[in-house]
Amino acid sequence: PLVSMTEMLNKAKENGYAVGQFNLNNLEFTQAILQAAEEEKSPVILGVSEGAGRYMGGFKTVVNMVKGLMEEYNITVPVAIHLDHGSSFQSCAKAIHAGFTSVMIDASHHPFEENVALTSKVVELAHLHGVSVEAELGVVGGQEDDVVANGIIYANPDECEELVKRTGIDCLAPALGSVHGPYKGEPKLGFVEMEEISNRTGVPLVLHGGTGIPTKDIQKAISLGTAKINVNTENQMASAKRVREVLAENPDLYDPRKYLGPAREAIKETVIGKMREFGSSGKA
Ligand code: G3H
Ligand code: ZN
């Protein structure tokens, strides 16, 4: 069923695993991620960035595509459709009214008081509709669609505590050294801050930039209160690699099903690997 993130993340935090957010880029990504979740008996969060939403034909199209596939595939595991890095109240409201079950309001680049005000407004509307809300503090490195960062800023634990208390968000993404896209060298995550923020806020924490984080760091993050891990680039790389291979081996091929089908398999394999690594397999 389509559900918000609240229950799945609280359950994950309590039981020491994390639910993956896998970003949708097109039909094949959506098919692959839903099939992986059902096969693994894992809860799953479908992340939709504003850019990817536009690419796929708007939020309503995305919701209808997800609902259609869930019915066709007889999906029984909990699925959330989540706006990733929502940039404004309007964008969150649009997603909520289109049928998203969860939204992220990313007001992390605004001054703290504005972040609190904007996030509170989103929470008010979202909770009225049974929709969960994720907020962010600090700056995640790298680039994802419209979200470009120059450098990394660690989230401030005092602000994290205050933001959660004043807004009533359901989960928090404190930037602690993670990066969107590939890492240059090993990530240096702020585990000391992560533990403090988890203890002081009590809400499940979200780790952005899940691509390229070593398993030991994933496990450590989960042990310190991280209950949601976002992955996009790794699926994109796996799918592009498979398309390149298939087209190189078959230079005369032109039917998109013949190269996007294998790409879909590559995404599915990658997602299954992540679900096992995050410990969410068998938890639906
Ligand atoms: O919001 C989406 C994620 O943070 C994706 O990060 O592309 O580095 O896996 P990634
Ligand atoms: Zn992100």
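Everything that follows concerns the structure shown earlier in this document.
Residues numbered from 1 in each chain as written. Chains lettered and ligands numbered in written order. Predicted model: local features only at pLDDT ≥ 70, side-chain atom pairs only at ≥ 80, totals over all residues.

Okay, the environment of Ala238 next. Within the element layout of this structure, Ala238 appears in helix H10 (residues 233-249). Distance in space between the C-alpha atoms of Ala238 and Leu137 is 30 Å, their sequence separation being 101 residues. With residues up to four places along the chain from it excluded, the contact list for Ala238 reads Ala266, Ile267 and Thr270. (Helix = DSSP H or I, 4+ residues; strand = E, 2+ residues; numbered from the N terminus. Contact = placed C-beta atoms within 7 Å.)

Looking now at the site of ligand 1. Inspection of the region around ligand 1 gives 16 residues, with His208, Thr211, Asn230, Asn232 and Thr233 positioned closest. The set of elements that each furnish at least two residues to the shell around ligand 1 consists of strand E3 (79-86), strand E11 (226-231) and H10. (Near = placed C-beta within 6 Å.)

So, about the pairing of strand E2 (residues 44-49). The element E2 is largely enclosed, with a buried count of 6 among its 6 residues. Taking every second residue as pointing to the same face, both faces of E2 are buried, with Val44, Leu46 and Val48 on one and Ile45, Gly47 and Ser49 on the other. Bridge analysis of strand E1 (residues 19-23) against E2 gives 3 bridges, and the strand direction is parallel. Residue Asn23 lies in a different strand from E2, and its bridge partner there is Gly47. Read from E1 through helix H2 (residues 27-40) to E2, the crossover connection turns out right-handed. The pairing of E2 with E3 spans 6 bridges and is parallel. Among the inter-strand pairings, Val48 is bridged to a residue of E3, identified as Leu83. (Buried ≥ 20, exposed ≤ 12 C-beta atoms within 10 Å, placed from the backbone. Pairing = 2+ DSSP bridges. Right-handed = clockwise from strand over helix to strand, strands pointing away.)

Here strand E4 (residues 102-105) shows no split at all, with Ser102 and Met104 on one side and Val103 and Ile105 on the other all buried. The sheet contact formed by E3 and E4 spans 3 bridges and is parallel. Considered in E4, the bridge of Gly86 is made with Ile105. For the crossover that starts at E3, traverses helix H5 (residues 89-98) and ends in the parallel E4, the hand is right-handed.

Our focus in this paragraph is helix H1 (residues 6-15). Within the span of H1, buried status applies to Thr6, Met8, Leu9, Ala12 and Lys13. Where H1 is buried, its residues meet E1, E3, strand E5 (132-137), strand E8 (171-174) and E11. Phi for Gly16, located one or two positions after H1, is positive at around 70°.

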